[in-house]
Amino acid sequence: MNRTHLAALSRVELTLFLRSKSNLFNVLVIPVLIVMGTTTVMRQFDLKGAGLAMGHVMVSTTAGIVLIMALYAPLIGVYVLRREEYVLKRQRTGEIGDLVILASPAVPMAIAAVLQFTAIAAAVALIAGLGAPAAPHLVAVGVLLGTVLIAAAAALSTAFARTAESAQGVSTVGFMLLLVTSGTVIPLEVLPGPFADVLRFLPLTPVIELVRSGWTGEGAGMVDSVVRGATLLAWTALAAWGALRRFRWEPRA
C-alpha cells in the first residue's frame, strides 16, 4: 500500500466527510441515540442472573453499535455512490492501487468511530462507576481490528447493491444481522448455551467479547484472548479477500 497516496486520498475524503451535514449526523449522532435507546432493551434481560453488569454490557454494546452505524452502513453508501459516478474507475486508471482506493474512504469514518467509541465508553464508565479498563490492550485490539473487519465487510457488501438506492437495503440487512448475531443487542449469556457457542465464532462477536473482557478483566486470559483474536483476524482476512475479488468498480449493467 502506497502511504503517500493513502494519506493524500484520506485527506480529501476527510474534507468531503466534514462538508456533509448528513454524514456528520449519521456517523456522529445516530449511534449515540441508538446506544441510549439500547439501554431500554437491555433492561428486559436478566443481566444480573447471567452474571453481567449493565455498565459493562453497555460498553461492549457501544463498540458494536458504533462500528456498524458509524462505519459499516455509511461506508456502503459511499462506495456504491462513488462507483455509480465512475469515481472509483477513474482512480483505478492511474497508479493508485486497489487497496488504497478502497481504504481511503474508510479512514475518516474509522477515525470518527474510534473516537466516538472512546467518548461514549468513557461516559458510560463514568456514569456507571466502572473505572478504567482492567486490560485496556484488549479493548484497543478489539476496536481497532473491528474497524478493519467492518470496513472490509462494507466493501464486500457492495457486491450485492446494484444501485445507490439498493445500497440502503443491503446495509440494513447487513447491520441487522451483525447487531443480532454478535451479542451487541442480545447478550450471548442470556441465550441457550449451544446457540451462544455458535454465535461466538461469527464475525463481530470477538470484538464485543474482547471489549467486555478487556474492561472487566474476566475471560481476559491468554487462551480466550488468542481464540477471539484469531477468529477476528480470520473473518477480517476472509472479508478482505472477498471484497478484492467481488468488488465492482463501475455501475452494473
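Values in this document were obtained by computation on a predicted structure and should not be read as measured data.

Caption draft 1: Broad picture of the overall build of the protein. The helix and strand inventory of the protein stands at 10 helices and zero strands. Put simply, the protein runs from its N terminus to its C terminus through helices and strands in the order α-α-α-α-α-α-α-α-α-α. Here the C-alpha atoms of the protein give a radius of gyration of 18 Å, agreeing with the 18 Å that 2.2 N^0.38 yields for 253 residues. Across its three principal axes, the protein shows a C-alpha extent of roughly 55 × 35 × 35 Å. Considering the protein as a whole, with its 253 residues, one finds that 47% of them fall into the buried category. Of all intrachain contacts in the protein linking residues separated by at least 6 positions in sequence, the fraction that spans at least 24 positions is 81%. When the accessible area of the protein is evaluated, it comes to approximately 12300 Å², of which 67% is carbon and sulfur surface. Distance from the positive charge centre (19 side chains) to the negative charge centre (13 side chains) of the protein: 6 Å.

Caption draft 2: Representation of the environment of valine 80 within the structure. In this structure, valine 80 sits in helix α3 (residues 54-84). Taking the C-alpha atoms as reference points, valine 80 and alanine 161, separated by 81 residues in sequence, lie 7.4 Å from one another. Beyond its immediate sequence surroundings of up to four residues, valine 80 is in contact with Thr158, Ala161, Thr163, Ala164 and Ala167.

Caption draft 3: The arrangement of the packing of aromatic side chains in detail. Following the criterion strictly, the structure yields two aromatic pairs and no others. Their ring planes at 80 degrees and their centres at 5.6 Å tell us that tyrosine 79 and phenylalanine 247 sit as a pair that is edge-to-face. Taken as a pair, tyrosine 79 in helix α3 and phenylalanine 247 in the segment after α10 (222-246) lie far apart in primary sequence, 168 residues in all. Each member of the pair, tyrosine 79 as well as phenylalanine 247, is classed as buried. Measuring from ring centre to ring centre gives 4.8 Å for phenylalanine 247 and tryptophan 249, while their planes differ by 65 degrees; the resulting arrangement is edge-to-face. On the accessibility criterion, phenylalanine 247 (6% relative accessible area) is buried. Taken together, the aromatic side chains of Tyr79, Phe247 and Trp249 make up a single cluster linked through ring pairs.

Caption draft 4: Up close: helix α1 (residues 3-19). The end-to-end C-alpha distance of α1 is 24 Å, a good match for the 24 Å that 17 residues give at a rise of 1.5 Å each. For α1, the full list of buried residues reads His5, Leu6, Leu9, Ser10, Glu13 and Phe17. The buried side chains of α1 occupy one side of the element, clustering within an arc of 120 degrees when seen end-on. Turned more than 90 degrees away from the buried face of α1, the exposed residues are Thr4, Arg11, Leu18 and Arg19. In this fold, the buried residues of α1 make contact with α2 (21-42), α3, α4 (87-92) and α5 (98-128).

Caption draft 5: A look at the side chain of serine 60. You can see serine 60 is positioned in helix α3. Polar contacts involving the side chain of serine 60 include one to the main-chain carbonyl oxygen of valine 57, which spans 2.9 Å. A polar atom in the side chain of serine 60 sits 3.1 Å from the side chain of arginine 212. Not counting residues within four places of it along the chain, the set of residues in contact with serine 60 comprises Ile208, Val211 and Arg212.

Caption draft 6: Representation of the side chain of serine 225 within the structure. Turning to its location among the elements, serine 225 is positioned in helix α10. Every residue in contact with serine 225, bar those within four places of it in the chain, is listed here: Leu138, Leu210, Gly219 and Ala220.

Caption draft 7: Main features of the nonpolar core. In this structure, Val59, Tyr72, Leu75, Tyr79, Phe117 and Val211 are the most contacted members of the largest nonpolar core, which totals 71 residues. Looking at this core, the elements that each hand over two or more residues are α1, α2, α3, α5, α6 (136-157), α7 (164-181), α9 (205-216) and α10. Among the elements that take part in this core, α3 stands out by supplying 18 residues, more than any other. What phenylalanine 117 contacts, discounting residues up to four positions off in sequence, is Val59, Thr62, Ala63, Val66, Val139, Val143 and Val211.

Cut-offs used in this document
- Residues numbered from 1 in each chain as written.
- Predicted model: local features only at pLDDT ≥ 70, side-chain atom pairs only at ≥ 80, totals over all residues.
- Heavy atoms only, no water.
- Helix = DSSP H or I, 4+ residues; strand = E, 2+ residues; numbered from the N terminus.
- Rg over C-alpha atoms; globule rule 2.2 N^0.38 Å.
- Buried < 20%, exposed > 50% of the residue type's maximum accessible area, 1.4 Å probe, protein only.
- Contact = heavy atoms within 4.5 Å.
- Areas by Shrake-Rupley, 256 points an atom, 1.4 Å probe, with all protein chains shown as cover.
- Lys, Arg positive; Asp, Glu negative; His and termini not counted.
- Charge placed at Lys NZ, Arg CZ, Asp CG, Glu CD.
- Phe/Tyr/Trp six-rings, centres within 6.5 Å; stacked < 30°, edge-to-face > 60°.
- Expected span 1.5 Å × (residues − 1).
- Arc of directions from axis to C-beta.
- Polar contact = N/O pair within 3.5 Å; in protein donor to acceptor, adjacent residues only side chain to side chain.
- Core = buried A, V, L, I, M, F, W, Y, C linked by side-chain atoms within 4.5 Å.

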